[in-house]
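Commentary on secondary and tertiary structure
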Amino acid sequence: DTAVSQTPKYLVTQMGNDKSIKCEQNLGHDTMYWYKQDSKKFLKIMFSYNNKELIINETVPNRFSPKSPDKAHLNLHINSLELGDSAVYFCASSHRGASGGAGQYFGPGTRLTVT
Amino acid sequence: GEDVEQSLFLSVREGDSSVINCTYTDSSSTYLYWYKQEPGAGLQLLTYIFSNMDMKQDQRLTVLLNKKDKHLSLRIADTQTGDSAIYFCAECFGNEKLTFGTGTRLTIIP
């Protein structure tokens, strides 16, 4: 299936731990994104990469570090997890410059719970 | 500013039309979108409209854009139980960054 996939789907961990979320797309897109959806369902962009280059970096704590080994993958590493990091994290992809017309395609989300 | 506002809740009887409204503040947006999020799922792109259009129809969906008032709406004709979801409008800046509205939770009354 052509899609945006994320692993894991659920992640429960304790405060202070370091964790990673992985994202892969097989749509041939060159741009990938991370969004955070909080408990009130509000969605906000965190990062965007184009061909492994960071192009959008919103105001996000530097405990969050995205890594793009190639244009089909964008991982999110979070250090020293805090309670406020609990949210659903969505990965998305698109063609750069065509995002406007074709839109961004979203993965199923990773629900992170920090206890 | 980049605030995109929506009503949080909408209840509609099955078979009626649903109209979900969205107000955005940045007139430089090039595209405006509607996404659907079902419980426990990701976001599904429903439709979009280019900023120089004022209407787009796609089967049961009709998008209206009033650029002067920065108002976007999504009309779902003959609303079905499967339409229950949260609907997000979003605006696109520079063909890359999406700014989402607060989401409208649509509930269908049998």
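Since the model is a prediction, treat every value here as computed from it, not as a measurement. (Residues numbered from 1 in each chain as written. Chains lettered and ligands numbered in written order. Predicted model: local features only at pLDDT ≥ 70, side-chain atom pairs only at ≥ 80, totals over all residues. Heavy atoms only, no water.)

Overview of the overall build of chain B
Assigned secondary structure in chain B consists of zero helices and 11 strands. In sequence order, the secondary structure elements of chain B are arranged as β-β-β-β-β-β-β-β-β-β-β. The globule rule puts the C-alpha radius of gyration for 110 residues at 13 Å, and the 13 Å found for chain B is close to it. Based on the C-alpha atoms only, the size of chain B along its principal axes is roughly 40 × 25 × 20 Å. The proportion of buried residues among the 110 residues of chain B is 45%. Looking at chain B alone, contacts between residues at least 24 apart form 55% of all its contacts between residues at least 6 apart. Taken as a whole, chain B presents about 5,300 Å² of accessible surface, with 48% of it coming from carbon and sulfur. Averaged over its 10 positive side-chain charges, chain B has a centre that lies 2 Å from the centre of its 14 negative ones. (Helix = DSSP H or I, 4+ residues; strand = E, 2+ residues; numbered from the N terminus. Rg over C-alpha atoms; globule rule 2.2 N^0.38 Å. Buried < 20%, exposed > 50% of the residue type's maximum accessible area, 1.4 Å probe, protein only. Contact = heavy atoms within 4.5 Å. Areas by Shrake-Rupley, 256 points an atom, 1.4 Å probe, with all protein chains shown as cover. Lys, Arg positive; Asp, Glu negative; His and termini not counted. Charge placed at Lys NZ, Arg CZ, Asp CG, Glu CD.)

A word on the overall build of chain A
Within chain A, the regular secondary structure consists of one helix and 11 strands. The order of helices and strands in chain A, counted from the N terminus, is β-β-β-β-β-β-β-β-β-α-β-β. In summary, chain A has a C-alpha radius of gyration of 13 Å against a globular reference of 13 Å for 115 residues, a match within 12%. Viewed in the frame of its principal axes, chain A has a C-alpha envelope of about 40 × 25 × 25 Å. Counting the 115 residues in chain A, one finds 47% classified as buried. Just so you have it, chain A exposes about 5,500 Å², and 49% of that area is on carbon and sulfur atoms.

Digging into the interface of chain B and chain A
The interface of chain B with chain A comprises 21 residues on the first partner and 23 residues on the second. Approximately 1,700 Å² of surface area, both sides summed, lies buried where chain B meets chain A, with 55% of it carried by carbon and sulfur atoms. At the junction of chain B and chain A, the tally comes to two residue pairs in polar contact (both at pLDDT 80 or more). Per element, the largest residue contribution to the side of chain B that touches chain A is four residues, and it comes from strand 4 (residues 31–37) of chain B. (Buried area = accessible area lost by both parts, 1.4 Å probe. Polar contact = N/O pair within 3.5 Å; in protein donor to acceptor, adjacent residues only side chain to side chain.)

Concerning the nonpolar core
Soluble globular proteins: nonpolar side chains tend toward being buried together. Trp34(A), Met46(A), Phe64(A), Leu76(A), Tyr89(A) and Leu112(A) are the most contacted members of the largest nonpolar core, which totals 20 residues. Among the elements of the structure, strand 3 (19–25), strand 4 (31–37), strand 5 (43–50), strand 8 (73–78), strand 9 (87–94) and strand 11 (110–114) of chain A are those that each provide at least two residues to this core. (Core = buried A, V, L, I, M, F, W, Y, C linked by side-chain atoms within 4.5 Å.)

Looking at the pairing of strand 5 of chain A
All names here are of chain A. Counted residue by residue, strand 5 has seven buried out of eight residues, so it is predominantly covered. Two elements, strand 4 and strand 5, share seven bridges in a ladder whose sense is antiparallel. The residue bridging Tyr 33 from the neighbouring strand is Ser 48, located in strand 5. Relative to strand 6 (residues 53–57), strand 5 runs antiparallel, the two being bridged by four bridges. Bridge pairing links Asn 50 to Glu 53 in strand 6. Hairpin remark: strand 5 followed by strand 6, antiparallel, with two residues in the connecting loop; positive phi at Asn 51, about 45°. (Pairing = 2+ DSSP bridges.)

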